[in-house]
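Listed here are the chains, written in short residue letters.
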Amino acid sequence: MPQDPMDFEWSYWIEWGRERILWLLAGHLLVSQVSRFLVDKYKPWCLMVYGMAACWLLLGIKGFAVILLHAAISFAVAQFQLSLLTWLCTLILLSTLRIPAVEEAKRKWYDNENEYYLLLFTVSVRCLFCTSFSLEYCWHGPTQKSSHSFLWMLAYVFYYPTFHNGPLINFDEFSKQMRTQEVFSVKTNLSILIVGIIRIFFWWCLAELMIHLMYIHALYSSALPLESASYWALGGLALAQVLFFYVKYLVLYGIPALLLQMDGLKPPALPCCVSLMHSFTKMWRSFDVGLHRFLVR
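None of these values were measured; they are calculated from a predicted model.

Regarding the overall build of the protein chain
1) Next: Helix and strand counts for the protein chain stand at 13 helices and 0 strands.
2) Next: By the compact-globule yardstick of 19 Å for 297 residues, the protein chain fits well, its C-alpha radius of gyration being 20 Å.
3) Next: By residue count, 47% of the 297 residues in the protein chain fall in the buried class.
4) Next: Look at the contacts in the protein chain between residues 6 or more apart in sequence, and 74% of them connect residues 24 or more apart.
5) Next: When the accessible surface of the protein chain is summed, it comes to about 15,400 Å², and 70% of that surface belongs to carbon and sulfur atoms.
6) Next: Counting 22 positive and 19 negative side-chain charges, the protein chain places the averaged centre of each group 10 Å from the other.

Take a look at the structure:
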């Protein structure tokens, strides 16, 4: 049975996942576990080098250079230790994504639109990570120079599980947890991995069933069936759409969250079921927990 093709986000990330990203995440897991077992002290730097290599492989040398340049500019601006300058720098860097001449030049780097969009999404998410680091530097830079060095910024920005689509984890949480050397247990890690894979596979199957059987987004893209539907049917469609959105992000955030756990880090909580919420105040706080913590911080 053909699937509903109208949900761009799901189709896009599933296609990239099958082609390359899942394999690169598996490579990250391997590097992480080997470094935790053999050289736990140097784990952040091993993961940083792997993240840079994965970025280079997927986005090319020019895409890698763009992200590195954004990080370098953000770090240079952070030296002034003015939060307002940091925010201004972030807005300017984000605005460069919408300059027609720059867009056209970047499109020429890639063979198709999907590859260009991957760069666009990745740079947008990296801007949030650069902002988090820069603000922490503004607040704590002079007293904690060793933990707010450019090397630590690169380890944070090029951390691969959260590289393309998040979830967002604040730099202060990331650096504290990365420095904590926990006792490595193969048995514990293996059980976390197996349970995590089973859960994510279940969520993925559920999302695929919804997108192959319900055609929620296709119905929303056409005015005719909506005009003839009753209010109850429209309410049901709206509920189905937000439930699919919830299941989709259980998968999209569940995979990086599992890898964060395997790296000895505590990931942001996964989205809370939308059926349990009665107000958008709670929805905002408990759906994208990483983004909420970033804004509160």
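Some words on the UniProt feature "transmembrane region" (unreviewed entry) in the protein chain
1) Next: Those places that UniProt annotates as "transmembrane region" (unreviewed entry) correspond, in this numbering, to residues 20-39, 46-69, 75-95, 116-135, 150-169, 190-211 and 231-252.
2) Next: For residues 20-39, helix accounts for 95% and strand for 0%, while the C-alpha atoms at its two ends are 27 Å apart.
3) Next: Between the C-alpha atoms that bound residues 46-69 there is a distance of 21 Å. The span itself is 100% helix and 0% strand.

Side note on the packing of aromatic side chains
1) Next: On inspection of all chains with the given rule, the structure shows 30 aromatic pairs.
2) Next: The interplanar angle of 65 degrees and the centroid separation of 6.2 Å between the aromatic rings of Y249 and F287 together place this pair among those described as edge-to-face. With Y249 in helix 11 (residues 231-262) and F287 in helix 12 (residues 280-287), this residue pair connects regions lying 38 residues apart in the sequence. There is no split in this pair, since Y249 and F287 are both buried.
3) Next: Three or more aromatic residues link up through ring pairs in this structure, and these residues are F75, F129, F133, Y137, F150, Y156, Y159, F171 and F174.
4) Next: Between R126 and the ring centre of F129, over which it is positioned, the NZ or CZ distance is 4.0 Å.
5) Next: A cation sits over an aromatic face here: R179 above W152, 4.1 Å from the ring centre.

What counts, and where the lines are drawn
- Here, residues in each chain are numbered from 1, in the same order as that chain's written sequence.
- Since the coordinates come from a predicted model, pLDDT governs what is reported: local features require at least 70, and pairs of side-chain atoms require 80 or more to be given and counted, while whole-chain, interface and lining totals use all residues.
- To obtain the side-chain values, all non-hydrogen atoms of the structure were used and water was disregarded.
- Note on conventions: DSSP H or I runs of at least 4 residues are helices, E runs of at least 2 residues are strands, and numbering of each starts at the N terminus.
- Atoms counted for the radius of gyration: C-alpha only. Globule rule: 2.2 Å times residue count to the power 0.38.
- Residue burial is assigned from relative accessible area. The probe radius is 1.4 Å, only protein chains are included, and a residue is buried under 20% of its type maximum, exposed over 50%, and partly exposed in between.
- In what follows, residue pairs with any heavy atoms lying within 4.5 Å of each other are defined as contacts.
- Residue-level accessible areas treat just the shown protein chains as cover; the underlying method is Shrake-Rupley with a 1.4 Å probe.
- Only four residue types enter the charge count, namely Lys and Arg as positive and Asp and Glu as negative; His and the chain termini do not.
- To locate a charge, take NZ of a lysine, CZ of an arginine, CG of an aspartate or CD of a glutamate.
- UniProt positions are given in the numbering used here, feature names are shortened, and annotations may be inferred rather than shown by experiment.
- In this analysis, rings of Phe, Tyr and Trp, with Trp reduced to its six-membered ring, are considered paired at centre separations within 6.5 Å, and the interplanar angle assigns stacked below 30 degrees, edge-to-face beyond 60, and tilted for intermediate values.
- Should the NZ of a Lys or the CZ of an Arg lie within 6 Å of a ring centre and within 35 degrees of the ring normal, that charge is described as sitting over the ring.

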